[in-house]
Amino acid sequence: MKHLTLAALGLALLLASCAPAAQEYTATLLAMDTVMELTAYGPEGEGALEEAQALIQELEGLMSATDPDSEIAALNRGQTVALSPPVRELLDQALELCGATDGALDITIYPVVRAWGFPNKQYQVPDPGALAQLLERVDYAQVALSGDTLTLPEGVELDLGAVAKGYAGDRMMELFRQSGVTCAYVNLGGNVQALGASPDGDPWRIGIQDPEGTSYLAVVEVTDRAVVTSGMYQRYFEQDGVRYGHILDPDTGYPADSALSSVTIVSPSGTLADGLSTALFVLGREGAEALWRARDDFDFVLVGQDGTVTISEGIEDGFALQGAGEDYNLEVVRR
Amino acid sequence: MKHTKVWILVTVLLLAVCLAGWLLVLGGRAGSATAQIYQGGQLVRTIDLSQVEQPYSFSVDGPAGGNTIQVEQGRIRVSHAGCPDQVCVQQGWIANGVVPIVCLPNELVIQVGGDEAEGGLDGVSG
Ligand SMILES: [Zn+2]
């Protein structure tokens, strides 16, 4: 009997080690101005992926600031809009993050973003006087959500670009869970979000892109987490030898100048990870650490222009500098 | 005793099957970098970059004038494109799966997978 138990145990172990053979379904699509890669495992994966793609199209149609038919575009034209549940939910979450970061994330910065030409890629450095005038319209506190309709004050325009992909990730994880999928991975233009553990049962091993090159510089191990990175290298233009990045400081209207090359946020919430990766980039190292101490719902990786990588202690296990990261110094911030 | 022998046999057989499966999975990954080219959401071409002996180019049609794709051993790039922004051309060569090449106006995506250079990663955030 003992032998039998041992044999059965061995069998179970072997079957577990065969897990990579689980059915894998993948889809690649272009949406929200980026490439999205979706992977779901197991028999429910195929149907869930179809629904996930439909969901992305739906969210993009509601939230794109550049699509004249979207709810956001209608709001930005000054119309009164009966908000759909997803837009309402994301606005709620985004405004909470704007408040929590004291405006380092500000979803009303769109007039300034447009002045720089980022939405249509007609880049230009705005005239300082014009910029100062546009900045007067930027303040998330002017968005008063109550009830299900919203009208923006004159001149105020919304841009959910800093949170929409994160929200899409959250909604996809929810959809996968409801479909019975227990193992899935999505990469929404660099926004990674994973459901459960990887197919072999270990945590997912997620690389963090080297802001200075085409490789990666560190690996973080996660289960059931979003891993979202923001950095100027993702979108910028050069004029007269100066590089202007796409992450604008809502205080100045100019590209954030915080001595960081990139910020990665690890969190159960994709929306939070997305919004805070932008906000912490604006805040810089000290502000980032202070916010982390005040909350318990995320961890960070800060890549400094001085060659230091700073991480918060919650992701220390399984974190390693690798590849291009071997030239960096690692610092761990503890509570 | 007889039962034990049967179980051992079953276990050994399963071990063999699993091992074979693992070798297939790992063998597919080791040393091979496969480029997948998508246009309009459809996979239009798959290229094993490690097997490319002579560099060559080919065109993929798209709504913004299409793209010319150049292939060499271990790497791939967009050499010409009809898109107004030329982001895909400026990205240059890619040899790993860290950052895919994307031409939004032409709905073109080039992904490289199965590369050892990715260090056994499940994905990259960036
Ligand atoms: Zn292009």
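The structure this text deals with has already been given above.
None of these values were measured; they are calculated from a predicted model.

Definitions and limits used
- Once a new chain begins, its residue numbering starts again from 1 and follows that chain's sequence as written.
- By the order in which they are written, chains take letters starting at A while ligands take numbers starting at 1.
- Reporting in this predicted model follows two pLDDT cut-offs: at least 70 for local features of residues, and 80 or more for side-chain atom pairs to be given and counted; totals over whole chains, interfaces and linings ignore these cut-offs and use all residues.
- The side-chain values count all of the structure's non-hydrogen atoms but skip hydrogen atoms and water molecules.
- Secondary structure elements follow DSSP: runs of H or I of four or more residues count as helices, runs of E of two or more count as strands, with numbering from the N terminus.
- Accessibility here uses a 1.4 Å probe with only protein chains present; expressed as a share of the type maximum, an area under 20% marks a residue as buried, one over 50% as exposed, and anything in between as partly exposed.
- Contacts are assigned to residue pairs that have any heavy atoms within 4.5 Å of one another.
- The protein chains shown are the only cover counted for residues, whose accessible areas, like all others here, come from Shrake-Rupley with a 1.4 Å probe.
- Neither His nor the chain termini are counted; the positive set is Lys and Arg, and the negative set is Asp and Glu.
- Where a charge lies is defined by one atom per residue type, namely NZ (Lys), CZ (Arg), CG (Asp) and CD (Glu).
- DSSP bridges decide pairing: two strands pair if at least two such bridges lie between them.
- For helices, the axis comes from a line fit to the C-alpha atoms of the stretch in contact; other axes are also lines fit to C-alpha atoms, and the angle between any two N-to-C directions lies between 0 and 180 degrees.
- Note on definitions: the grid is 1 Å and covers protein atoms alone; a cavity is a set of points where a 1.4 Å probe fits but cannot get out; a pocket is an open set with protein on both sides within 12 Å along at least five of seven lines; lining residues have an atom within 4 Å of a point.
- Grid points are joined across faces, edges and corners, and a volume is the space filled by probe spheres set on the points.
- Residue type decides the class: Asp, Glu, Lys and Arg count as charged, Ala, Val, Leu, Ile, Met, Phe, Trp, Tyr, Cys and Pro as nonpolar, and the leftover types, Gly among them, as polar.
- As used here, the arc belongs to the directions running from the helix axis to the C-beta atoms.
- When the near helix sits turned anticlockwise from the far one by under a right angle, the crossing is termed left-handed; a clockwise turn instead gives a right-handed crossing.
- A helix is expected to span 1.5 Å for every residue after the first.
- Our angle categories are set so that under 35 degrees counts as roughly parallel, over 145 as roughly antiparallel, 65 to 115 as roughly perpendicular, and the remainder as oblique.
- Working definition of a nonpolar core: buried Ala, Val, Leu, Ile, Met, Phe, Trp, Tyr and Cys residues. They are joined through side-chain atoms within 4.5 Å.
- By convention, a stacked pair of Phe, Tyr or Trp rings (six-membered ring in the case of Trp) has centres within 6.5 Å and planes under 30 degrees apart, an edge-to-face pair has planes over 60 apart, and any other such pair is tilted.
- Charge-over-ring placement is defined geometrically: NZ (Lys) or CZ (Arg) within 6 Å of the ring centre, and within 35 degrees of the ring normal.
- The working definition used for a salt bridge is a side-chain nitrogen of Lys or Arg within 4 Å of a carboxyl oxygen of Asp or Glu.

Q: Quick question: what am I supposed to make of the overall build of chain A here?
A: Assigned secondary structure in chain A consists of 8 helices and 16 strands. Principal-axis analysis of the C-alpha atoms places the extent of chain A at approximately 85 × 45 × 35 Å. Sorting the 335 residues of chain A into buried and exposed places 54% on the buried side. Residue pairs at least 24 apart in sequence account for 58% of intrachain contacts in chain A once pairs closer than 6 positions are excluded. As displayed, chain A offers around 14200 Å² of accessible surface, 47% of which is attributable to carbon and sulfur atoms. Each charge sign in chain A was given a centre, from 18 positive and 50 negative side chains, and these centres are 2 Å apart.

Q: Just checking my understanding: could you explain the overall build of chain B for this structure?
A: Counting its secondary structure elements, chain B contains 2 helices and 8 strands. Along chain B, helices (α) and strands (β) appear in the sequence α-β-β-β-β-β-α-β-β-β when read from the amino end. Every one of the 126 residues in chain B was classed for burial, and the buried ones make up 36%. Pairs at least 24 residues apart make up 33% of the contacts formed inside chain B by residues separated by at least 6 positions.

Q: Can you walk me through the sheet that holds strand β12 (residues 260-267) of chain A in this structure?
A: Backbone hydrogen bonds are what pair the strands of a sheet, in a parallel or an antiparallel way. All names here are of chain A. Read across the open sheet, the 9 strands follow the order β1-β2-β5-β6-β9-β12-β13-β14-β16; overall the sheet is mixed. Of all strands in the sheet, those with a lone pairing partner are β1 (24-31) and β16 (329-333), marking the two edges. Direction aside, neighbouring strands of the sheet carry axes that sit 10° apart on average. In the packing of helix α2 (residues 45-63) onto the sheet, contacts are made with β1 and β2 (34-41), and the angle to β1 comes to roughly 15°. Each of β6 (191-195), β9 (226-231), β12, β13 (299-304), β14 (308-312) and β16 is contacted by helix α8 (residues 270-294), which is oriented at about 120° to β12, the strand it contacts most.

Q: Just checking my understanding: could you explain empty space enclosed by the protein for this structure?
A: To find leftover empty space, one rolls a probe the size of a water molecule over the atoms. Residues and elements named next belong to chain A. Following the criterion strictly, the structure yields 1 cavity of 30 Å³ or more and no others. Roughly 40 Å³ of internal volume is contained in the largest cavity. Along its surface, the largest cavity is lined by Lys 165, Gly 166, Gly 169, Val 186, Leu 188, Asn 191, Val 192, Gln 193, Ala 226, Val 228 and Gly 270. Tallied by class, the residues present in the lining of the largest cavity amount to 5 nonpolar, 5 polar and 1 charged.

Q: What's the story with helix α6 (residues 128-135) of chain A in this structure? I'm lost.
A: Three or four residues apart is the spacing at which side chains of an α-helix point the same way, because the helix has 3.6 residues per turn. Three or more residues of α6 of chain A are buried, namely Leu 131, Leu 134 and Leu 135 of chain A. Angular distribution of buried residues about the axis of α6 of chain A spans 100°; they occupy a single face of the element.

Q: Before we go on, may I ask you to explain the packing of helix α4 (residues 85-100) of chain A against helix α7 (residues 164-178) of chain A in this structure?
A: What describes two packed helices is the angle between their axes and the distance between those same axes. Residue and element names in this part refer to chain A. At a closest axis distance of 11 Å, the pairing of α4 and α7 adopts a crossing angle of 115°. Classified by chirality, the crossing of α7 by α4 is right-handed. Together, Pro 86, Glu 89, Leu 90 and Gln 93 of α4 and Ala 164, Tyr 167 and Arg 171 of α7 make up the contact between the two elements. A per-class count over the contact of α4 with α7 returns 4 nonpolar, 1 polar and 2 charged.

Q: I keep staring at α2 of chain A and nothing clicks. Help me out?
A: Spanning 19 residues, α2 of chain A covers 26 Å between terminal C-alpha atoms, matching the ideal 27 Å at 1.5 Å per step. If you follow the buried residues of α2 of chain A, they end up packed against β1, β2, α3 (71-76), α4 and α7 of chain A.

Q: I would appreciate a short explanation of the packing of α7 of chain A against α8 of chain A in the present structure.
A: Residue and element names in this part refer to chain A. At a minimum axis separation of 7 Å, α7 and α8 run at an interaxial angle of 165°. Judged on the interaxial angle alone, α8 and α7 are roughly antiparallel. Handedness of the α7/α8 crossing: right-handed. The segment α7 lies against α8, with Ala 164, Lys 165, Gly 166, Tyr 167 and Asp 170 engaging Gly 270, Thr 271 and Asp 274. Taken together, the residues of the contact of α7 with α8 break down into 2 nonpolar, 3 polar and 3 charged.

Q: When you look at the nonpolar core in this model, what are you seeing that I'm missing?
A: Within soluble globular proteins, side chains that are nonpolar tend to cluster in buried spots. Residues and elements named next belong to chain A. Of all hydrophobic cores here, the largest spans 89 residues; its most connected members are Met 63, Met 172 and Phe 176. The dominant element in this core, judged by the number of residues it contributes, is α8, at 10 residues. Every residue in contact with Met 63, bar those within four places of it in the chain, is listed here: Ser 70, Ile 72, Pro 86, Val 87, Leu 90, Leu 160, Ala 164 and Tyr 167. Counting 22 residues, the second-largest nonpolar core is a separate cluster that includes Cys 183, Val 227, Val 301 and Ile 315.

Q: Honestly, the layout of surface pockets in this entry has me stumped. Any pointers?
A: Residues and elements named next belong to chain A. Its volume calculated, the second largest pocket comes out at about 190 Å³. Along the wall of the second largest pocket there are 15 residues; nearest its centre are Arg 225, Val 266, Asp 299, Gly 314 and Ile 315. Breaking the lining of the second largest pocket down by element, the ones donating at least two residues are β8 (216-222) and β12. Looking at side-chain class alone, the lining of the second largest pocket contains 6 nonpolar, 2 polar and 7 charged residues.

Q: Explain the sheet that holds strand β3 (residues 56-60) of chain B to me, please; I cannot follow it from the model alone.
A: All names here are of chain B. Strand order in the open sheet made by the 3 strands is β3-β4-β5, with antiparallel pairing throughout. The open sheet has two free edges, formed respectively by β3 and β5 (75-81), since each of these has just one partner strand. The sheet shows a mean angle of 25° between the axes of neighbouring strands, direction not considered.

Q: Would you mind showing me how to read the packing of aromatic side chains here?
A: For any pair of aromatic rings, the description consists of the separation of the ring centres together with the inter-plane angle of the planes. Under the criterion given, the structure shown has 11 aromatic pairs over all chains. Taking the centre distance of 5.5 Å and the plane angle of 45° together, the rings of Trp 116 of chain A and Tyr 244 of chain A count as tilted. Taken together, the positions of Trp 116 of chain A in the loop between α5 (110-115) and α6 and Tyr 244 of chain A in strand β11 (residues 242-245) put the pair 128 residues apart, joining distant regions of the chain. Overall, Trp 116 of chain A belongs to the buried group, its relative accessible area being 0%. The rings of Trp 116, Phe 118, Tyr 123, Phe 237, Tyr 244 and Tyr 254 of chain A are connected pair by pair, giving a single aromatic cluster. If you follow Arg 45 of chain B out to its NZ or CZ, it ends over the ring of Phe 58 of chain B, 3.8 Å from the centre.

Q: How should I be thinking about the pattern of salt bridges in this particular structure?
A: Residue and element names in this part refer to chain A. A full pass over the atoms with the stated rule returns 13 salt bridges over all chains. A salt bridge links Glu 221 to Arg 205; the nearest nitrogen and oxygen atoms lie 3.4 Å apart. Residue Glu 221 is located in strand β8, and its partner Arg 205 is located in strand β7 (residues 204-209); the two are separated by 16 residues in the primary sequence. Looking at Glu 221, the relative accessible area reads 31%, which means it is partly exposed. Accessibility expressed as a relative area gives 24% for Arg 205, which makes it partly exposed. A single network of salt bridges, built from pairs that share partners, joins Arg 88, Asp 92 and Asp 148.

Remember, this is a structural readout, not a statement about activity or role.
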